[in-house]
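Residues per chain are reported as follows:
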Amino acid sequence: MMLRGNMAVVVRGAGGLMVRVDPAEAERALAEPGAEATVMRGRPMRGWVTVSPDVCEHDADLTRWVGRVSASRAPCRPSSATAGNPAARPDPSGLGSACCRRRRRIGDGRMVVHLYAVSLDAADPLRLARFWSGVLGREILDDPSEGVALGGDAHSDFRIRFLPGDAPKTVQNRIHFDLTSASPQAQRDTVDRALTLGGRHIDIGQGPDDDQVVLADPEGNEFCVIEAGNNFLAGCGPVGAVNCDGTRAAGLFWREALGWPLVWDQDEETAIQSPRGGAKVTWSGPPLMDSGGRDRVHLDLVAAGDRDAEIDRLLALGAARAGTGRHTADDAVLADPDGTEFCLLTPR
């Protein structure tokens, strides 16, 4: 069920319902017979209540629960990737979820630093590049000064870089891609293509009723193939979102850092998008995952002007110095307010 263009009631496979309620009324709703907190990926979904199939068998009770939605103070989110992803299912838990109830346009679109690339550490950069090139249809660029990368596409101009790194993967990545699907068949095709190229299904706590498919690439990097009809990611391109584990403070920092407006700011979840469109960058809110040491996936920025001046500006916005030379001696390594590392590269 959609309310004001956003998902408000989700029918679960077992016959029960997930119902969006006003967070202020959630405690009262949970006290009713047959109601319990909705949990996805091990995290409670704020403002969502699961109603048992027994309750849904009675028309009067069903009507009353659906009526709660209309009484909520704000419209509800469309489905997205999965819990914890501002581009996921009806809420923010697990890997990723966020959506567009009340969209606010903030910022003047001024580009001070440019999102140059999303970079992945890889034991075998060329093999991983071939996998992602096959999944996304992006061209492989083999630049002696840059290493192996995929070029941008018609929707998003950032590269996807594959940088040599032999540290073992021990925890779930704090950044992953949410891939879009134009139709149910397109979703199946993307999944089949990924599996043929060396990907695999993984279990990160998603439920059997989740519509998104959670996979890992040949080196274990998680990503989601989002179901067709996801309004939040509509028009974003094959990579619908760069889904980050992070707080609202991180989202606001990146809004100012990149000069991209907020397109979602609700319940500690945030999302920004370039004024030109393309993939969104989303933050799923607390609680945060363990970092497990250095992040295997990070963002690379390039300054539009004086790099030293940009470093000073980013520090003033709340970044912290985290070292130099993550992959190249001249890279400036910084960390956002959540401690997530990113690099400011030398001019390209």
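For every chain, the first residue of the written sequence is number 1, and numbering continues from 1 along that sequence. Per-residue local features are limited, in this predicted model, to residues with pLDDT of at least 70; the limit for side-chain atom pairs, both in listing and counting, is 80 or more; totals at the level of whole chains, interfaces and linings are taken over all residues. Neither water nor hydrogens contribute to the side-chain values; these are computed over all heavy atoms in the structure.

Some details on the pattern of salt bridges
Phase 1: Within this document, salt bridges are pairs made up of a side-chain nitrogen of Lys or Arg and a carboxyl oxygen of Asp or Glu, the two lying within 4 Å of each other. In the structure shown here, the tally under the stated rule is nine salt bridges.
Phase 2: Of the charged contacts, one joins arginine 138 and aspartate 153 as a salt bridge, the two residues approaching to 3.5 Å between their closest N and O atoms. A residue pair is termed long-range when its members are at least 10 positions apart, and arginine 138 in the loop between α4 (125–136) and β8 (140–143) and aspartate 153 in the loop between β9 (147–150) and β10 (159–164) qualify at 15 residues.
Phase 3: For every residue, the accessible area obtained with a 1.4 Å probe (protein chains only) is divided by the maximum for its type, and the residue is called buried under 20%, exposed over 50%, and partly exposed between those limits. Relative accessible area serves as the criterion here: at 3%, arginine 138 is assigned to the buried category.
Phase 4: The shortest N-O distance in the salt bridge between aspartate 157 and arginine 276 comes to 3.5 Å. Of the two residues, aspartate 157 sits in the loop between β9 and β10 while arginine 276 sits in the loop between β17 (269–273) and β18 (280–283), which places them 119 residues apart along the sequence.
Phase 5: Given a relative accessible area of 43%, aspartate 157 falls into the partly exposed group. Helix and strand definitions follow DSSP, with helices as H or I runs of at least four residues and strands as E runs of at least two, each counted in order from the N terminus.

Digging into the nonpolar core
Note that soluble globular proteins tend to have their nonpolar side chains buried in a common cluster.
Phase 1: In terms of nonpolar packing, the biggest core is built from 50 residues, with Trp132, Phe162, Phe177, Phe223, Val242, Trp254 and Phe342 touching the most fellow members.
Phase 2: Per-element tally for this core: the top contributor is α4, with six residues.
Phase 3: Residue contacts are counted whenever heavy atoms from the two residues lie within 4.5 Å of one another. In contact with phenylalanine 162, other than residues within four places in its own chain, are Leu120, Pro125, Leu128, Ala129, Trp132, Val148, Ala149 and Leu150.
Phase 4: Core analysis: the next-biggest nonpolar cluster, separate from the first, contains twelve residues, Ile226, Leu233, Ala241 and Val263 among them. Residues enter a nonpolar core if they are buried and are Ala, Val, Leu, Ile, Met, Phe, Trp, Tyr or Cys, with the set joined through side-chain atoms within 4.5 Å.

Description of unusual backbone geometry
What you tend to see is this: most non-glycine residues have negative phi, and most peptide bonds are trans.
Phase 1: Here the residue pair proline 286 and proline 287 is connected by a cis peptide bond, since its omega of -5° sits within 30 degrees of zero.
Phase 2: With respect to the element layout, proline 287 can be found in the loop between β18 and β19 (297–303).
Phase 3: Phi at aspartate 267 takes a positive value of approximately 50°, unusual for a residue other than glycine.
Phase 4: Its place among the elements puts aspartate 267 in the loop between β16 (262–266) and β17.
Phase 5: Residues other than glycine seldom take positive phi values, yet glutamate 268 does so here, at roughly 75°.
Phase 6: With respect to the element layout, glutamate 268 can be found in the loop between β16 and β17.
Phase 7: Assessed through its relative accessible area of 38%, glutamate 268 is described here as partly exposed.

Quick notes on the layout of surface pockets
Phase 1: Put plainly, a pocket is an open set of points on a 1 Å grid over the protein atoms alone with protein on both sides within 12 Å along at least five of seven lines, a cavity is a set where a 1.4 Å probe fits but cannot get out, and a lining residue has an atom within 4 Å of a point. Grid points are joined across faces, edges and corners, and a volume is the space filled by probe spheres set on the points. Estimates place the volume of the largest pocket at around 190 Å³.
Phase 2: Around the largest pocket, the lining is made up of 17 residues, and of these Pro168, Gly292, Arg294, Asp295 and Arg296 lie nearest the centre.
Phase 3: Within the lining of the largest pocket, the residues separate by chemical class into five nonpolar, six polar and six charged. In the scheme used here, Gly and all other residues not listed as nonpolar or charged are polar, with Ala, Val, Leu, Ile, Met, Phe, Trp, Tyr, Cys and Pro taken as nonpolar and Asp, Glu, Lys and Arg as charged.

Comments concerning the environment of aspartate 308
Phase 1: Checked against the element boundaries, aspartate 308 lands in helix α7 (residues 307–317).
Phase 2: Residue aspartate 308 is classed as exposed on the basis of its relative accessible area of 52%.
Phase 3: Measuring from C-alpha to C-alpha, the distance between aspartate 308 and alanine 332 comes to 9.5 Å, with 24 residues separating the pair along the chain.

Details of helix α5 (residues 184–196)
Phase 1: For α5, with 13 residues, the first-to-last C-alpha span of 18 Å sits near the 18 Å given by 1.5 Å per residue.
Phase 2: Buried within α5 we find Gln187, Thr190, Val191 and Ala194. The arc enclosing the buried residues of α5, seen along the axis, measures out at 95°, which places them on a common side.
Phase 3: On the buried face of α5, the contacting elements are α4, β11 (175–179), β12 (200–201), β13 (213–216) and β14 (222–225). Each residue after the first adds 1.5 Å to the expected span of a helix. This arc is taken over the directions from the axis of the helix to the C-beta atoms.

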